[in-house]
Amino acid sequence: MTKTRRRIQSQLRLIDAVAILLDARVPYSSCNPDLRSIINNKPRLVILNKCDMADPAQTKKWLALFRGKNIAAIALDCKTGKGLNAFIPTVKNVLSDRIEAWNNKGMTGRTIKVMVVGIPNVGKSSFINRMSKQTRAKVEDRPGVTRGNQWYTIGKGFDLLDTPGVLWPKFNDPSVGEKLAFIGSVKDDILDTEQLAGRLLEYLRNNYPDPLCARYKLSFDEIETAQGYEILELVGRKRGMLISGGEINTERAASAVLDEFRGAVLGKLTIDRAEDHPDVRI
């Protein structure tokens, strides 16, 4: 983490703006709180990636929240390409004063350089691949793939600098770490996946009961007062995930729940609600 922080800081003098990629399902939790001090006063914009996996109503609220704080924000989805066309115009708008100053100095057409930052697994490489229309940036659905800073040209007079995804040393709010684990930004092999899946099921029961019940053929009466682990057992039983003696394979059920949430099989769901984070800062 310290090494990546130093890499980012060493490149700041070379770039004009910073694009902060957030996961549209967890815009608050996927924002590294150390970024403000790392990027200092550089112009910035927020990108809510994976918007096709998030609750559209919540994404709209998040965009309004950021824009209300005079932070440029767009939503896009790298898999489908939705919203990508808004990126370059938004950057140019953020840098309009600087571009005018360059033009006045006879530097018309000066290359705009934008650093792309974000936590692991938020989709930086997928975004750059889409923007550069090639697959030079390595893409894998696991955290920690990008190892170093890399430059990519995405059009005439426009360069992107990719950076490794980095988490911060300590989660002051335990729920933030939990939500990052939901989306796969924390490696599963260091987690209690059954407990994690149980917590996710409780959240879905409280906020998205209809898609939860529909997916796992549950009735709301069955889960209304159940604890997360009890809901997980119900899911395992409904799916026939049994081992010898009729015991429920809750580990297998947990993997299924997490995989299906991460793949948007459960529907378009948002875990960080904008109304719960009015004081978010970037």
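Coordinates for the structure precede this section.
Just so it is clear, the model here is predicted, and its values are computed rather than measured.

Each value, and the rule that gives it
- Residues numbered from 1 in each chain as written.
- Predicted model: local features only at pLDDT ≥ 70, side-chain atom pairs only at ≥ 80, totals over all residues.
- Heavy atoms only, no water.
- Helix = DSSP H or I, 4+ residues; strand = E, 2+ residues; numbered from the N terminus.
- Rg over C-alpha atoms; globule rule 2.2 N^0.38 Å.
- Contact = heavy atoms within 4.5 Å.
- Areas by Shrake-Rupley, 256 points an atom, 1.4 Å probe, with all protein chains shown as cover.
- Lys, Arg positive; Asp, Glu negative; His and termini not counted.
- Charge placed at Lys NZ, Arg CZ, Asp CG, Glu CD.
- Disulfide = S-S within 2.5 Å.
- Buried < 20%, exposed > 50% of the residue type's maximum accessible area, 1.4 Å probe, protein only.
- Phe/Tyr/Trp six-rings, centres within 6.5 Å; stacked < 30°, edge-to-face > 60°.
- Salt bridge = Lys/Arg side-chain N within 4 Å of Asp/Glu carboxyl O.

K.L.:
Just give me the short version of the overall build of the protein, but keep the residues and values in it.
P.N.:
Across its full length, the protein holds twelve helices and six strands. Its C-alpha atoms give the protein a radius of gyration of 21 Å, near enough to 19 Å, the size a compact globule of 282 residues would have. Referenced to the eigenvectors of the C-alpha coordinate spread, the extents of the protein come out at roughly 80 × 35 × 35 Å. Sequence-distant contacts in the protein: of pairs separated by 6 or more residues, those separated by 24 or more amount to 69%. When the accessible area of the protein is evaluated, it comes to approximately 13,800 Å², of which 46% is carbon and sulfur surface. Once the 44 positive and 33 negative side-chain charges of the protein are each reduced to a mean point, those two points are 11 Å apart.

K.L.:
Describe the state of the cysteines, and please don't skip the residues or the numbers.
P.N.:
Applying the stated criterion to the full structure yields zero disulfides. No disulfide involves C31; its nearest neighbouring cysteine sulfur is the one of C78, lying 17 Å away. Exposure remark for C31: the relative accessible area of 10% places this residue in the buried category. Free of any disulfide, C51 has its nearest neighbouring cysteine sulfur in C78, separated by 9.1 Å.

K.L.:
Any details on helix α6 (residues 124-132)? Residues and values, ideally.
P.N.:
The element α6 is largely enclosed, with a buried count of seven among its nine residues. Burial in α6 covers these residues: K124, S125, F127, I128, N129, M131 and S132. Following α6 by one or two positions, K133 adopts a phi angle in the positive range, close to 60 degrees.

K.L.:
Please give an account of the packing of aromatic side chains that cites residues and values.
P.N.:
Scanning all chains against the criterion turns up three aromatic pairs. With a centroid separation of 5.0 Å and 85 degrees between ring planes, the pair formed by F87 and F127 is classed as edge-to-face. Here the residue F87 occupies a position in helix α4 (residues 87-94), and F127 occupies one in helix α6, the gap between them amounting to 40 residues. Measuring from centroid to centroid gives 6.0 Å for F87 and F158, while their planes differ by 65 degrees, and the two rings are edge-to-face. One end of the pair, F87, is in helix α4; the other, F158, is in strand β6 (residues 158-162), and 71 residues separate them in sequence. For F87, a relative accessible area of 0% puts it in the buried group. Judged by relative accessible area, which is 2%, F158 ranks as buried.

K.L.:
Residues and numbers for unusual backbone geometry, please.
P.N.:
One non-glycine residue, N70, lies in positive phi territory at about 60 degrees. Phi at N121 is positive, roughly 70 degrees, even though this residue is not glycine. Counting through the fold element by element, N121 comes out in the loop between β4 (112-117) and α6. On the basis of relative accessibility, which here comes to 11%, the residue N121 falls in the buried class.

K.L.:
Describe the pattern of salt bridges, with residues and values.
P.N.:
Summed over the entire model, instances satisfying the criterion amount to twelve salt bridges. A salt bridge links R239 to E260; the nearest nitrogen and oxygen atoms lie 3.1 Å apart. Linking R239 in the loop between α11 (228-238) and α12 (250-262) with E260 in helix α12, this pair joins segments that are 21 residues apart in sequence. A relative accessible area of 11% means that E260 is categorised as buried. One salt bridge in this structure joins E275 and R273, with 3.4 Å as the shortest N-O distance. Within this structure, D23, R25 and K50 form a network of salt bridges that share partners.

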